Amino acid sequence: MARRTQEQAQATRQGILDAAVHVFLERGFQPSSMQHVADRAGVTRGAVYWHFRDQADVLDALLDQTPLPWQVLTPLPEPLAADAPAAWRRDALTQMAVAPLHWLEGSEPAQRVLRIVAQLDALGNSTRLGVRLAGVRHAGLQCLQIALRQAAANHPPGPHAADVPVAALGVFAVVDGLMHQWLKQPSAFGLTAVGTLAVQSLLAGLLEL
């Protein structure tokens, strides 16, 4: 009986999260209320508050379930060999940098959550959610910096060490901007295909690869 009750509670919680996605997308995150979420989920407002403190807590849970694009960015699997051809090095860095685009293009849950997150840009980094989201973006930028610093150290005449943060920020801005532009009109262009060409072109100029 206890196990059944636990399963029912988990099913209710998941139903609330699923409903919240639709409510936040249709009404906007800030204009929405816990009552709106309850109505959409077909439960009482008390049931929603049993599982979540507030709307930010709901979105926190959604972020726990669905990685954002910059969270799938990982360091290069192996060091860039000193004698590796320039094209190989550029392709390895490009593949790493566009991984968030590939993930987003193939994940409808990530697309929905990122559309909700995009509504929070005006809140800045002063809120709990703002701090969390800023941390995700910072980690992605740091990952790019590490890879580009490795390329700069092992393969002159790439960017000088002082230029690496600027180069990483340039790649980050291109990838991040493409994600948000694509979410507005996914049918306008292939996200991964266009992102790959854009990053390759940028790296060719920044790293002389």
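Residues numbered from 1 in each chain as written. Predicted model: local features only at pLDDT ≥ 70, side-chain atom pairs only at ≥ 80, totals over all residues. Heavy atoms only, no water.

(A) Highlighting the overall build of the protein. When its secondary structure is counted, the protein shows ten helices and zero strands. Sequence-ordered secondary structure for the protein, helices as α and strands as β, is α-α-α-α-α-α-α-α-α-α. Residues classed as buried in the protein amount to 41% of the 209 residues present. Sequence separation of at least 24 residues holds for 72% of the intrachain contacts in the protein that already meet a minimum separation of 6. As displayed, the protein has an accessible area near 11,000 Å², and 56% of this comes from carbon and sulfur atoms. (Helix = DSSP H or I, 4+ residues; strand = E, 2+ residues; numbered from the N terminus. Buried < 20%, exposed > 50% of the residue type's maximum accessible area, 1.4 Å probe, protein only. Contact = heavy atoms within 4.5 Å. Areas by Shrake-Rupley, 256 points an atom, 1.4 Å probe, with all protein chains shown as cover.)

(B) Representation of the packing of helix H6 (residues 99-106) against helix H9 (residues 164-184) in the model. With their axes 10 Å apart at the nearest point, H6 and H9 run at an angle of 15 degrees to one another. Viewed along their axes, H6 and H9 adopt a mutual orientation that is roughly parallel. By crossing handedness, the relation of H6 to H9 is classed as right-handed. Residue-level contacts link Pro100, Leu101, Leu104 and Glu105 of H6 to Val175, Met179, Trp182 and Leu183 of H9. Partitioned by chemical class, the residues of the contact of H6 with H9 number seven nonpolar, no polar and one charged. (Axes fitted to C-alpha atoms, helices over the stretch in contact; angles between N-to-C directions. Parallel < 35°, antiparallel > 145°, perpendicular 65-115°, else oblique. Left-handed = near helix turned anticlockwise from the far one by under 90°. Nonpolar A, V, L, I, M, F, W, Y, C, P; charged D, E, K, R; others polar.)

(C) Seen up close, helix H2 (residues 34-41). Regarding H2, the residues found buried are Met34, Val37 and Ala38. One side of H2 holds all its buried residues, which, seen down the axis, span an arc of 100 degrees. (Arc of directions from axis to C-beta.)

(D) View of the packing of H6 against helix H7 (residues 108-118). At their nearest, the axes of H6 and H7 sit 5 Å apart, and the two run at 100 degrees to each other. On the basis of their axis angle, the class for H6 and H7 is roughly perpendicular. Facing H6, whose interface residues are Trp103, Leu104, Glu105 and Gly106, H7 presents Glu108, Ala110, Gln111 and Leu114. The class makeup of the residues in the contact of H6 with H7 is four nonpolar, two polar and two charged.

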